[in-house]
Amino acid sequence: MEKLQAEDARYLKRKVKGGSLDVHPTEKALIVQYELEATILGEMGDPMVGERKECQKIIRLKSLNANTDIATLARKVVEECRLIHPSKLPEVEQLLFYLLNRKKSDKREKHSPRDLAPFEGMELDEEANINRIDHYVELLYEDIPEKVRGATLILHLARNPDNLEELLQNETALGALARVLREDWKQSVDLATTIIYVFFCFSSFSQFHGQVTHYKIGALCMNIIEHELKRYDLWQDELQKKAAACDNDHKNQNVKKEHEKAFKKYQGLLIKQEQLLQVALHLLLNLAEDTRTELKMRNKNIVHTLVKTLDREDEELLVLVVSFLKKLSIFLENKNDMAETYAVEKLARLLPCKHEDLLNTTLRLLLNLSFDTGLRSQMVQAGLIPKLSALLADESQRQLCMCILYHISVDDRFKSMFAYTDCIPQLMKMLFDCGESPMDPELISFCINLAANKRNAQVICEGNGLKMLMKRGLKLKDVLTMKMIRNVSQHDGPTKNLFIDYVGDLAAQTGVQEREEYVIECLGTLANLTIPDLDWELVLKEYNLVPFLKNHLKPGSAEDDLILEVVIMIGTVSMDDSCAAMMAKSGIISALIELLNSQQEDDEFVCQIVYVFYQMVFHQATRDVIIKDTQAPAYLIDLMHDKNAEIRKVCDNTLDIIAEYDEEWGRKIQSEKFRWHNSQWLEMVDNRAMGDDGEPFMYGDDGEPFMHNGDILERPDLFYSAGTEGSRNTQQRLNLFYSADGIIPADSTISPEFFIGYQNGDMGQAGGFPGSMNIDVFRQSTVTSGQRPATASGFRPEQFFYS
């Protein structure tokens, strides 16, 4: 077989691609024959195909049909092509036979990758032929029926991807289609649908998007869709008027027939309109692959248009619309538009549904939207929690539903709503079905969130729920299961008492070399168990917890999370007199002060350490140690005006008890509170005392200032009007002035026994720290030592101190 020289190949390639008109017929024959040879070699796998593929060009054998004599045609090709050796005749026959069979198979419908199904009106009584494209273009210049016919024939060609490149090179055809669509789309829905379908076939391939955009088909489709939606609203209004007239005069047969006729017409129009919307939206969805094009669509309110289309009933159209919205939802601006148009309410209507693709696409869109707090609220208001909970039974949609519900459960406002669905029993069954195998992170994370609600925790513990969780958590050393258990343990009531049987198992986890995050959860669960009947002294001794707690109070001895849980645990066991004494004797108080120094910037640490001090001043055995042997009161005075409100409240209540018990500290505390409360006034007094032109009342009879180098607090006559009242009455006024800020009077009005009695319920219903609205006769807020304060560090699984 002869070989074509590289120079000849490049020359012929330039001739063909350049479209030269002076190509000699012999050269054209050589090109065709050479290309055929290259194709044959390609079919045979000849290594030369890669080298010669550059020169290939699509070749059509017009005489190749069912009546063609393959052997005769093959001999003719070989005879006319000098590049094909006569010995290759059998291979040429085989290739022609293959091409003939492939052509027959191509007669079956070929869909584009997007696979938009054909619609009514596309049927023809003739087969479209690419060689008659000029004739089809001429039909576009005739009347509407002929235009529809010509466009439909071109559409049949465009539905075969093999024809797209040649159609694209025919600028006359594409320009005529674009012109007819722009001018006549209002005159015929069929014409508009067919022409848009042609351009949709091009839009299915990214490399053709530029040509579709060149003819401004996308902008035209936006206008067409907007117009059709307005027509739909008019149809609806007209139909409602006829229906109302029929209801008002139901005996009038003419009115009834007119209504039925209008309804049938409406249904026919609706089918054609939805076909048009489906093709146009599909084209826009393809073009939206380019974010710049998508931005232009957004500027034309594509989101509002799509949300409005969600009212339709056609499932295929709805799948397309929801898919489009899902693609748009990944951008913040589009997501905000969906929130403004209440898209969630319309999406909720689609759940549940029997159409698998529509259901799956809707759930995926809702998952995208569920990252927004406001849209999660709309989901709850639309009643999606029970619907999604019911869909958990569908294994194919379970993962999506669980992720959406997980996002909803993040918000504390909505956690309680899950208790009134069958969601929690289904989740517990999924957990138990896992056995000892790893659980899906979405499943256990969802359960952890739900366990933070008291009512949900009760549902979780129903039956053997807690027993099964404890068994899994302790056996597998599962951190996430223990985290769920820890959330359950924070709630007061019957659920907390269920943990009494597991105190020993939990305490034993701290004495072995376990993972730190696992110990944190076990210790946190123990710290939540503020159960009056629980003998903490026995637990501390049996499991030798005091050395463990003390060793982990040293800064840097462990991760901060573990050290914090140790502090919280100390605060819990300090509720017991004997345990508090054990802590004081072991030197834990000084270790807490050292930890307070090192973690003074961490509000969480500070608040919990101060809470330990507060617990210990309730007990006689530890009160003396706190007041006389440590500098804890001084630290508390420094923290009394901390920027964190919770720390201030705990400090105030702790200092009030210290001030009641120790007179010296009481005077210091009282003085500091006075200074803070009247700081602006004291500053003014100091400034006037230091000025040259002070007011007369700042000076004595001899003209000397009252202040000198003394303390202004030692001159109460500066603060109150002169009179005949003695120092006792003046002191009473001073104390009353202090009590307005919640400061304890200094005349031993309240004793620690009062707080203990109040805590035990001997003096009425116990309350919380200030802010709980439980105020006694001294305007001093009551406290309950069994609760734990909140901090500014965010969510903690423990029950917060303050309402």
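What comes next is a walk through the structure. These numbers were taken from a predicted model, which means no experiment stands behind them.

1. Here we look at the packing of helix α39 (residues 632-639) against helix α40 (residues 645-661)
Running from N to C, α39 and α40 cross one another at 135°; their axes reach a closest spacing of 9 Å. As the angle between them shows, α39 and α40 are arranged oblique. Handedness of the crossing formed by α39 with α40: left-handed. Seen from α39, the contacting residues are Pro633, Leu636, Ile637 and Leu639; seen from α40, they are Ile647, Arg648, Cys651, Thr654, Leu655 and Ile658. Considered class by class, the residues forming the contact of α39 with α40 number 8 nonpolar, 1 polar and 1 charged.

2. Some points on the packing of aromatic side chains
Aromatic rings in a pair are described by how distant their centres are and how their planes are angled relative to each other. All told, the structure shown has 9 aromatic pairs when counted by the stated rule. A ring pair is formed by Tyr197 and Phe200, whose centres lie 5.7 Å apart and whose planes are at 70°; its orientation type is edge-to-face. Pair noted here: Tyr197 and Phe200 are both in helix α10 (residues 189-203), with a separation of 3 residues, about one helical turn. Take Tyr197: its relative accessible area is 1%, and that puts it in the buried class. Ring geometry for Phe202 against Phe208: centres 5.9 Å apart, planes inclined by 75°, an arrangement best described as edge-to-face. In this structure, Phe202 and Phe208 share a single accessibility class: buried. Taken together, the ring pairs in this structure connect Phe202, Phe205 and Phe208 into an aromatic cluster. In this structure, Arg312 packs its charged tip against the face of Tyr232, placed 3.7 Å from the ring centre. One residue, Lys668, lies across the ring of Trp665, its end atom 4.6 Å from the ring centre.

3. Looking at unusual backbone geometry
Working note: non-glycine residues mostly have negative phi, and peptide bonds are mostly trans. Note the cis peptide between Leu351 and Pro352, where omega equals -15°. A positive phi angle is found at Asn301, which is not glycine, with a value near 60°. You can see Asn301 is positioned in the loop between α14 (291-299) and α15 (302-309). Judged by its relative accessible area of 41%, Asn301 falls in the partly exposed class. Phi at Lys477 takes a positive value of approximately 55°, unusual for a residue other than glycine. Topologically, Lys477 is positioned in the loop between α27 (465-476) and α28 (479-489).

What counts, and where the lines are drawn
Residues numbered from 1 in each chain as written. Predicted model: local features only at pLDDT ≥ 70, side-chain atom pairs only at ≥ 80, totals over all residues. Heavy atoms only, no water. Axes fitted to C-alpha atoms, helices over the stretch in contact; angles between N-to-C directions. Helix = DSSP H or I, 4+ residues; strand = E, 2+ residues; numbered from the N terminus. Parallel < 35°, antiparallel > 145°, perpendicular 65-115°, else oblique. Left-handed = near helix turned anticlockwise from the far one by under 90°. Contact = heavy atoms within 4.5 Å. Nonpolar A, V, L, I, M, F, W, Y, C, P; charged D, E, K, R; others polar. Phe/Tyr/Trp six-rings, centres within 6.5 Å; stacked < 30°, edge-to-face > 60°. Buried < 20%, exposed > 50% of the residue type's maximum accessible area, 1.4 Å probe, protein only. Lys NZ or Arg CZ within 6 Å of the ring centre and 35° of its normal.

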